[in-house]
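Chain residues, written in single-letter form:
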Amino acid sequence: SQGCVAAFTSRGAAMPPKSRHSGDGGDGDAATVVSPAVRDALVALAAGLTELNLSGKALTEHDVRALARALKTNSSLKSLDLSCNGLSVDSARVLAEALVINTTLQSLSLNGNEVGTDGACALA
């Protein structure tokens with residue numbers, strides 16, 4: 001339904017190259033490819049960041065999984081903008097699982113992605 005999608009907003013930004021980053025084993029991989037933007041964001045989240053804009057950064061499924069793992073233990077982030085990244089319904093579901101645990105995040109922007117009604121409703 002349209003009601004699930006209506007809460008999302010959008011912004012734009014440049015697209016960074018990808019880099020190799022040691023994973024924490026959450027996906028079963030010894031190393032996971034994450035973008036420099038996500039790598040930097042994970043460091044900032046650990047330092048208590050309250051707002052994070054990753055709109056238009058061409059995030060991958062690995063990026064979203066890394067962010068979701070961080071969200072499960074983060075208690076400072078209140079606003080997360082992931083708009084215009086081409087994220088799928090699967091990415092929305094991964095985020096939804098993390099947000100069952102995270103009670104701090106108040107605003108999640110996913111406009112301009114491919115999450116569809118199923119993904120939006122999983123997050124609702």
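Higher on the page you've got the structure.
None of the values given here were measured: they were computed from a predicted structure.

Participant: Mind laying out the side chain of S76, listing which residues take part and the relevant values?
Facilitator: The topology assignment puts S76 in the loop between α3 (61-73) and β4 (79-81). Residues in contact with S76, not counting those within four places in the same chain, are L45, G48, L49, T50 and T104.

Participant: Residue-level account of helix α4 (residues 89-101), with values.
Facilitator: Over its 13 residues, α4 runs 19 Å from end to end, which matches the ideal 18 Å to within 8%, given 1.5 Å per residue. Buried within α4 we find S91, A92, V94, L95, A96 and A98. Here the buried face of α4 lies against α3 and α5 (116-123).

Participant: Lay out the sheet that holds strand β3 (residues 51-53) in plain terms, naming residues and giving numbers.
Facilitator: Spatially, the 3 strands line up as an open sheet ordered β3-β4-β5, and their pairing is parallel. The sheet is open, and its two borders are formed by β3 and β5 (107-109), each paired with just one other strand. In this sheet, neighbouring strand axes are inclined to one another by 0° on average, regardless of whether the strands run parallel or antiparallel.

Participant: Outline the side chain of N85, listing residues and values.
Facilitator: By the element assignment, N85 lies in the loop between β4 and α4. Look at N85 and you get buried, because its relative accessible area is 8%. A polar side-chain atom of N85 sits 2.9 Å from the main-chain carbonyl oxygen of L54. With residues up to four places along the chain from it excluded, the contact list for N85 reads L54, S55, G56, K57, A58, L59, G112 and N113.

Participant: For the nonpolar core, give the residues involved together with the corresponding values.
Facilitator: L52, L54, L67, L80 and L82 are the most contacted members of the largest nonpolar core, which totals 28 residues. Of all the secondary-structure elements, those providing two or more residues to this core are α2 (36-46), α3 and α4. With 6 residues, α3 is the single largest residue contributor to this core. Sequence-distant contacts of L82, that is, excluding residues within four places in its chain, are made with L54, S55, L59, L67, L87, L95, L108, S109, L110 and N113.

Participant: Got a sec to walk through the pattern of salt bridges? Specific residues and values, please.
Facilitator: This model, assessed by the stated rule, comprises 3 salt bridges. The salt bridge involving R39 is made with D40; its shortest N-O contact spans 3.7 Å. Residue classification places R39 among the partly exposed positions, given a relative accessible area of 29%. With a relative accessible area of 47%, D40 lands in the partly exposed category. Linking D90 and R93 is a salt bridge whose minimum nitrogen-to-oxygen distance equals 3.7 Å. In this pair, D90 and R93 are both assigned in helix α4, 3 residues apart and thus about one turn of the helix distant. By relative accessible area, which is 43% here, D90 ends up partly exposed.

Basis of the calculations
- Counting restarts for each chain: residues are numbered from 1 in the order of the written sequence.
- Residues qualify for local features only when their pLDDT is at least 70, as the model is predicted, and side-chain atom pairs are given and counted only at 80 or more; totals for whole chains, interfaces and linings, by contrast, use all residues.
- Side-chain metrics in this entry use all non-hydrogen atoms of the structure; hydrogen atoms and water are not considered.
- Secondary structure is summarised from DSSP: a helix means a run of H or I of at least four residues, a strand means a run of E of at least two, and numbering begins at the N terminus for each.
- Two residues qualify as a contact provided that any one of their heavy atoms is within 4.5 Å of a heavy atom in the partner residue.
- For a helix, the expected span equals 1.5 Å multiplied by the residue count minus one.
- Exposure is judged per residue with a 1.4 Å probe applied to protein chains only, and the accessible area is read against the type maximum: over 50% gives exposed, under 20% gives buried, and values in between give partly exposed.
- Here, a strand pair is defined by DSSP locating no fewer than two bridges between the strands.
- Fitted lines through C-alpha atoms serve as axes, helices being fitted only where they are in contact, and the angles separating the N-to-C directions of these axes extend from 0 to 180 degrees.
- Under the rule applied, a polar contact is a pair of N or O atoms within 3.5 Å (in protein, one hydrogen donor and one hydrogen acceptor; residues adjacent in sequence only if both atoms are side-chain atoms).
- Buried residues of nine kinds, namely Ala, Val, Leu, Ile, Met, Phe, Trp, Tyr and Cys, make up a nonpolar core once their side-chain atoms join them within 4.5 Å.
- The term salt bridge refers to a pairing of a side-chain nitrogen on Lys or Arg with a carboxyl oxygen on Asp or Glu at a separation within 4 Å.

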